[in-house]
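# A closer look at the structure
Chain residues, written in single-letter form:
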Amino acid sequence: MAKLTIPAQELMYPGHAACPGCGPALAMRLLLKGLGPRTLVSIPACCWTVIATPYPTTALRVGVLDNAIEATGASISGMRAAADALGLKDVNIVGFAGDGGTADIGLQALSGMLERRTNAIYVMYDNEAYMNTGIQRSGATPWGAWTTTTPVSPSLRGKPEPKKDIMGIVLAHRPTYAATLNPSFPEDFDRKVEHARDLTGPRFFHVFTPCPPGWRFDSAETIALGRLATDSGVFPLYEVEEGRLRITRKTGQLKPVSDYLSAQGRFRHLTPDDVARIQAQVTEDWERLLRREREEIVRSH
Ligand SMILES: Cc1ncc(C[n+]2csc(CCOP(=O)(O)OP(=O)(O)O)c2C)c(N)n1
């Protein structure tokens, strides 16, 4: 059997306020295993505020700054400046925010942090909606998905707009390192975290984090659903460093997206034509990713 390379240390307490099967909870657990105890995390308003710090308790063994939803990028720039001023060495400064707080409300603060080349790691955990406030659609909600603000009715059939390409936006800033991560592939996840930990400059993780109540699936299926997302091409795993893109999981043949979609209640209303449209988009995006890997240089500094 292959040696398990994931660090045994647990920097998240077993008692916390996340739902059963919470993808974002798994993401934080794996992230902190890879980063280690010399880590400070800034968390804006999102599910993770509720999970981490229901007063007077905490779910984390590392320091946490609770910040405003639009401010994660700015807050980690400030934390890095403070750590430098205090002479704190080898401290990982991390922003950990949802898709709403990153791709929508906090986008300018993220852009500023990347452009200033802040020496920190920004993590966007993507549960594809504003979950903490009741499953409202975000810029990262995929086309066709039911949410409470994109209902299924005679006049609307889920979200009519496509998902925002956050990796494209981040890569336009030429960060030191950017990668997509999925807790269903913990070795790949941990390798990227440990690699990024030892780099200097702005680093970004886009993390796939299923949400059982928001996506309408059984909480026992989180890991299986995550595997389907990557193996169908819906959420490919790759990393970009010094302008070079590398796909970190290839299975030869992608699974049909219908396997992934049919496992979730939020897509239950989709017609065969809708599914075919999504399949065409996923196939096109996957082929573009393969081309970008072959072209090698995505963006250089
Ligand atoms: C400026 C501002 N607008 C709205 C809110 C209310 N609010 C708190 S958490 C939240 C949802 C955040 O969604 P996301 O960032 O996707 O994280 P998730 O809840 O899904 O974990 C919202 C809208 C707020 N706190 N501040």
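Attention now moves to the site of the ligand. Around the ligand there are 17 residues in total, and Cys 46, Cys 47, Gly 98, Gly 100 and Asn 132 lie nearest to it. Elements supplying a minimum of two residues to the shell around the ligand: helix 2 (47–52), strand 3 (92–98) and helix 4 (99–104). Tallied by class, the residues present in the shell around the ligand amount to eight nonpolar, seven polar and two charged.

With that out of the way, let us pick up the sheet that holds strand 5 (residues 177–181). One open sheet holds the eight strands; their spatial order is 2-1-3-4-6-5-7-8, and the pairing between them is mixed. The open sheet terminates on both sides in strands that have one partner only, identified here as strand 2 (63–66) and strand 8 (244–247). Adjacent strand axes in the sheet meet at a mean angle of 15°, parallel and antiparallel pairs treated alike. Judged from the four bridges that link them, strand 7 (residues 238–241) and strand 8 form a sheet pairing that is antiparallel. When the bridges of strand 8 are listed, Glu 241 appears paired with Arg 244. Against the sheet, helix 7 (residues 186–197) contacts strand 3, strand 4 (121–126), strand 5, strand 6 (203–208) and strand 7, and its axis sits at roughly 160° relative to strand 5. On top of the sheet, helix 11 (residues 272–295) reaches strand 7 and strand 8; it is set at about 130° to strand 8, its chief contact.

Once that is clear, we can look at the nonpolar core. Among the nonpolar cores identified, the biggest contains 78 residues, and Phe 96, Tyr 122 and Val 123 are the most heavily contacted of them. By residue number, the principal contributor to this core is helix 1 (residues 23–35), which donates eight residues. The contact partners of Phe 96, leaving out residues within four places of it in the chain, are Met 28, Val 41, Ile 43, Trp 48, Val 123 and Tyr 125.

Conventions used here
- Residues numbered from 1 in each chain as written.
- Predicted model: local features only at pLDDT ≥ 70, side-chain atom pairs only at ≥ 80, totals over all residues.
- Near = placed C-beta within 6 Å.
- Helix = DSSP H or I, 4+ residues; strand = E, 2+ residues; numbered from the N terminus.
- Nonpolar A, V, L, I, M, F, W, Y, C, P; charged D, E, K, R; others polar.
- Pairing = 2+ DSSP bridges.
- Axes fitted to C-alpha atoms, helices over the stretch in contact; angles between N-to-C directions.
- Contact = placed C-beta atoms within 7 Å.
- Core = buried A, V, L, I, M, F, W, Y, C linked by C-beta atoms within 7 Å.
- Buried ≥ 20, exposed ≤ 12 C-beta atoms within 10 Å, placed from the backbone.

Remember that the coordinates give geometry; whether it matters functionally is a separate question.
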